[in-house]
Amino acid sequence: MKNTTQGRNRPRKMALALAVSAALAGVALPSGPALADETSCSPYTPLIKGQEDLVYVWTLGVKGVGDGSDKLVTVDVNPHSKTYGKIIHKLSLGGRGEVHHVGLSDDRRYLWGGALDSNKIYIFDIGTNPAKPKLTKTITNFVQKTGFVGPHSFIAMPGRMLITPLSNNKDHGGETGIAVYNNKGDYVAHHPMPKEGGGDGYGYDAGINPQKNVFLTSSFTGWNNYMMDLGKLVKDGEAMKRFGNTSVMWDMKTMKPLKVFQTPGAPLEVRWSWKPGDNWAVTTTALTSKIWVYKQDAKGEWQVKDVATIGDPVKIPLPVDISITNDGRGMWINTFMDGTTRYWDMSDPMQPKEVFTKKIGSQVNMVSQSYDGKRVYFTSSLLGNWDKKGKDDEQFLKMYHWDGKDLKLAFEIDFYKEKLGRAHHMKFQARDLSTLKPLESAQSPPALIARKP
Amino acid sequence: MKRLPCAFLMLWGLALPACERPGAPGNAPLGLAPPLGLPPVPLPPENPLTQARVELGRTLFMDRRLSHNNTLSCAMCHVPEQGFTSNELGTAIGLEGQSIRRNSPTVYNVAYVEQLFHDGREFSLENQVWGPLLAGNEMANPSIGYVIEKIKVLPEYTGRFESAFGGRGPDVLTVGQALAAYQRTLVSGNSRFDRWHYGKEQNALTAEEQAGFRLFAGKAGCSACHSIGGKFALFSDNGFHNTGIGYAKSMGQPGRHRVQLAPGVFAEVEDKALESFEPPQPDVGRYEVTLDPADTWAYRTPGLRNVALTSPYMHDGSFATLEAVVEFYDRGGIDNPQKSPHLRPLGLSAEEKAALVSFLKSLTGDNVPRLAAEARTAQPAETPPEKDPASTYRRNP
């Protein structure tokens, strides 16, 4: 398969291209210590290597539960704290907009959160007082500026935020693009997902690899489907035809698509292995239950291969979030329908093996592990209308200790009992950000918040 | 149901209401000659078609801010490039993804529909527009007044109602009239069938399509409900019939569904596996309007013009292709006590079924690209009001 696209370019892309180019010239990822996300952050975001102090949980409001509004919930997760495992702050946004993912800025002092229905993008100050996030700006011009709907992922770039939406304002289908805003929250540029070279125009997540000057995007589905009840969706033959089947490798400087890959069945989260010397990315397809690995061949051309099957695809386990270890040797995969997390040995990424499974709840979506991989956090909500109904609609944050053999529950918070709503995306934060030194030069790796475990 | 007294667009001597300002730009009666195959557009005398009303209605139709949370316009379910329906959904979804039981009907030629919605519960376009605007699972506005107040605070509409309606601002009447005026212009005819049948262009249809027409009007009996007249064809009797689709959905036992996971990749999913999700919503069709048991699971006969563009089919969007529809009718529908007597097994051969489908595909009007492009000329802003209209409302002194 070879679906090389003819990328597009526009004059207005030049500003971003120059910014990225400048960043690439002066900034490089470290080639020494393993630089993980923890484990889904942009490589431009300083990391917390030791014990995280706080977890922010982007929470969907539910009609009839508490104030019914979306909110950012802050949980104290430092075991030495008196409020360990407790909610210490709630910031209600008023209304329900299908909040979904959050992303950290390039200095880790701001948290951007998107809403897939209202299309609002919220910017929170999490630097001034990390324990009490403050809403500093609400972007309401996303659709007006881009024509896209459903801002999903937020990936920090130098001075910029790369935003991947899911849909569009013409038909609420899956054709969409990528958008770039600056750190002030001002629009910079947008680009359509490719429809040439085998592209379907759909989008979802993005993972960037500055060392290779590339980023990889995946594809999901449009508003029509992600807002629909999952049971209704499965029975709607037309709707089920409208899922993304492609992923795209982009040139990060020029923002041009380099190559379209056929990865049928809704490829979702994108992660790069940051292990020194590694040169591969991974995703999973939600509907076809496959693990896909992207790697350069001997000629330097990017190729993709489905390397494993997750669970029993006939039963549609619906693999959702993944979390890769900082050395690229292991990966958590959650399967939503059976509420199970699965640990895969990725030592040989082309032949991964499932080595551990555990049922987390009646449903499970997001998984985030600490930098050292010893603490693994799970939340329950996938999408407001894809979550299960009735007794199976458990909404929680659960934290487990992982010793390499077993997960042991440390604490859990029932988000319904607390009158909060649906627990979705998580990001970690430290209370003391004074050591943050983002965007250092190649000679000096980006500073990490190096703290004692 | 009696039709509203009709004025006809071609009767330009029609007196305008006293409040009209005929001299105002865009307020002259709009010429809209019916295309070959269609009759003049029925017009209520109290809402004459003018350019100003049509353009205003088009903007309203395309404006996502007319839903409570600013995400859904009329055009998000009646997508101009998708036959003014949604090709991507069997049944629609509304505000915050709430389920809607039925397929979005096309609004092509909606001017000719006597009783609107699949169950015929509304009788004029002017009134019909308020149904989706206020339905809690569609655009979900809290009240009529809320919609009107919102329109008043959106800058794009400043002065436009007053200009189009003789000084009258947005209100329950003019909002309906503007939207109705635009929808009445979505007339689409002069198809290849029309040129062959009414225009007497002998080569406008292929031999197979002509054979399909003969089956349509003859052996297959389609025209018993999808009517064809001597001078024009609406392809609908504006009546309501039970084909068994609704019956089967309501009375059927749990089963399995063949689900596409990716192109060429399918799985069988049992209903039992979906018990954790929303159960199917009950739908007994026109009975919900008339409360007459004879109307149970009956739905309005849709017109067939542009039918090649308006998939999926039936009131619940359960058939993806015209081939599947023809197969269904060839089987005689689904038996049930209220099934239409028009439906019976047809015994069509494969060639005959193919001919019928070919004929149906000849019903596409000649102005489809233009109507879709015109819809996109309205580009209302996406920016919602800074403050909720309910917070800013003040009674006029």
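Residues numbered from 1 in each chain as written. Chains lettered and ligands numbered in written order. Predicted model: local features only at pLDDT ≥ 70, side-chain atom pairs only at ≥ 80, totals over all residues.

**Observations regarding the overall build of chain B**
Turning to step 1, where the next piece is worked out: Of the regular secondary structure elements, chain B holds 14 helices and six strands.
Turning to step 2, where the next piece is worked out: In terms of overall dimensions, chain B is globule-like: its C-alpha atoms have a radius of gyration of 22 Å, near the 21 Å expected for 397 residues.
Turning to step 3, where the next piece is worked out: The C-alpha extent of chain B, read off along each of the three principal axes, is 70 × 60 × 45 Å.
Turning to step 4, where the next piece is worked out: With 397 residues in all, chain B has 45% of them scored as buried. (Helix = DSSP H or I, 4+ residues; strand = E, 2+ residues; numbered from the N terminus. Rg over C-alpha atoms; globule rule 2.2 N^0.38 Å. Buried ≥ 20, exposed ≤ 12 C-beta atoms within 10 Å, placed from the backbone.)

**Some thoughts on the overall build of chain A**
Turning to step 1, where the next piece is worked out: Helix and strand counts for chain A come out as five helices and 28 strands.
Turning to step 2, where the next piece is worked out: Here chain A holds 453 residues, and 59% of them are scored as buried.
Turning to step 3, where the next piece is worked out: Residue pairs in contact within chain A that sit at least 24 positions apart in sequence constitute 57% of those at least 6 positions apart. (Contact = placed C-beta atoms within 7 Å.)

**Some remarks on the environment of A:Pro257**
Turning to step 1, where the next piece is worked out: Tracing the backbone through its elements, the reader meets A:Pro257 in strand β15 (residues 256-262).
Turning to step 2, where the next piece is worked out: Spatially, the C-alpha atoms of A:Pro257 and A:Pro192 are 9.8 Å apart, while their sequence positions differ by 65 residues.

**Structural notes on the nonpolar core**
Turning to step 1, where the next piece is worked out: By size, the foremost hydrophobic cluster in this structure holds 203 residues, and its most contacted members are A:Val55, A:Tyr56, A:Val57 and B:Leu356.
Turning to step 2, where the next piece is worked out: Mapping this core onto the domain boundaries places at least three of its residues in each of domain 1 (13-188 + 368-392) and domain 2 (192-363) of chain B.
Turning to step 3, where the next piece is worked out: Dropping the residues within four chain positions of it, A:Val57 is found in contact with A:Val73, A:Val75, A:Thr379, A:Leu397, A:Ala423 and A:Met426.
Turning to step 4, where the next piece is worked out: In this structure, B:Tyr247, B:Trp297, B:Ala298 and B:Tyr299 belong to the second largest nonpolar core, which totals five residues. (Core = buried A, V, L, I, M, F, W, Y, C linked by C-beta atoms within 7 Å. Domains from an automatic or database assignment.)

**Focus on the interface of chain B and chain A**
Turning to step 1, where the next piece is worked out: On the chain A side, the residues contacting the 35 residues of chain B number 40 residues.
Turning to step 2, where the next piece is worked out: Mapped by element, the contributors of at least two residues to the side of chain B that touches chain A are β4 (256-262) and β5 (265-270) of chain B.
Turning to step 3, where the next piece is worked out: Looking at the side of chain B that touches chain A element by element, the count peaks at five residues for β4(B).
Turning to step 4, where the next piece is worked out: Among the residues forming the side of chain B that touches chain A, the class breakdown is 17 nonpolar, 13 polar and five charged. (Nonpolar A, V, L, I, M, F, W, Y, C, P; charged D, E, K, R; others polar.)

**Description of helix α1 (residues 51-62) of chain B**
All names here are of chain B.
Turning to step 1, where the next piece is worked out: Between the first and last C-alpha of α1 there are 17 Å, a value that for 12 residues agrees with the 16 Å anticipated at 1.5 Å per step.
Turning to step 2, where the next piece is worked out: Among the 12 residues of α1, 10 are classified as buried, and the element is accordingly described as predominantly covered.
Turning to step 3, where the next piece is worked out: All buried positions along α1 are accounted for by Ala-52, Arg-53, Val-54, Leu-56, Gly-57, Arg-58, Thr-59, Leu-60, Phe-61 and Met-62.
Turning to step 4, where the next piece is worked out: In this structure, the buried side of α1 is in contact with α5 (160-164), α6 (172-184) and α13 (368-377). (Expected span 1.5 Å × (residues − 1).)

**So, the domain arrangement of chain B**
How big an interface is tends to be stated in terms of the accessible area lost upon association of its parts.
Residue and element names in this part refer to chain B.
Turning to step 1, where the next piece is worked out: Its domain assignment divides chain B into domain 1 (13-188 + 368-392) and domain 2 (192-363).
Turning to step 2, where the next piece is worked out: Domain 1 puts 28 residues into the contact, and the matching count from domain 2 is 31 residues.
Turning to step 3, where the next piece is worked out: Residue composition of the side of domain 1 that touches domain 2, by class: nine nonpolar, 14 polar and five charged.

**Remarks on the packing of helix α11 (residues 322-330) of chain B against helix α12 (residues 350-360) of chain B**
All names here are of chain B.
Turning to step 1, where the next piece is worked out: Between α11 and α12, the shortest axis-to-axis distance is 10 Å and the interhelical angle comes to 130°. Between α11 and α12, the angle is such that the two are oblique. Here α11 runs over α12; the crossing is right-handed. Residues Leu-322, Glu-323, Val-326, Glu-327 and Asp-330 of α11 touch α12, and the partners they reach there are Lys-353, Leu-356, Val-357 and Leu-360.
Turning to step 2, where the next piece is worked out: Residues belonging to the contact of α11 with α12 are distributed by class as follows: five nonpolar, no polar and four charged. (Axes fitted to C-alpha atoms, helices over the stretch in contact; angles between N-to-C directions. Parallel < 35°, antiparallel > 145°, perpendicular 65-115°, else oblique. Left-handed = near helix turned anticlockwise from the far one by under 90°.)

**Topic: the sheet that holds strand β24 (residues 367-369) of chain A**
Residue and element names in this part refer to chain A.
Turning to step 1, where the next piece is worked out: Strand order in the open sheet formed by four strands is β24-β25-β26-β27, and the pairing between neighbours is antiparallel. For this open sheet the edge positions go to β24 and β27 (407-414), each flanked by a neighbour on one side alone. For this sheet the average axis-to-axis angle between neighbouring strands, irrespective of direction, equals 20°.
Turning to step 2, where the next piece is worked out: Pairing of β24 with strand β25 (residues 375-379) involves three bridges; the strand directions are antiparallel. What sits directly across from Gln-369, in β25, is Val-376. (Pairing = 2+ DSSP bridges.)

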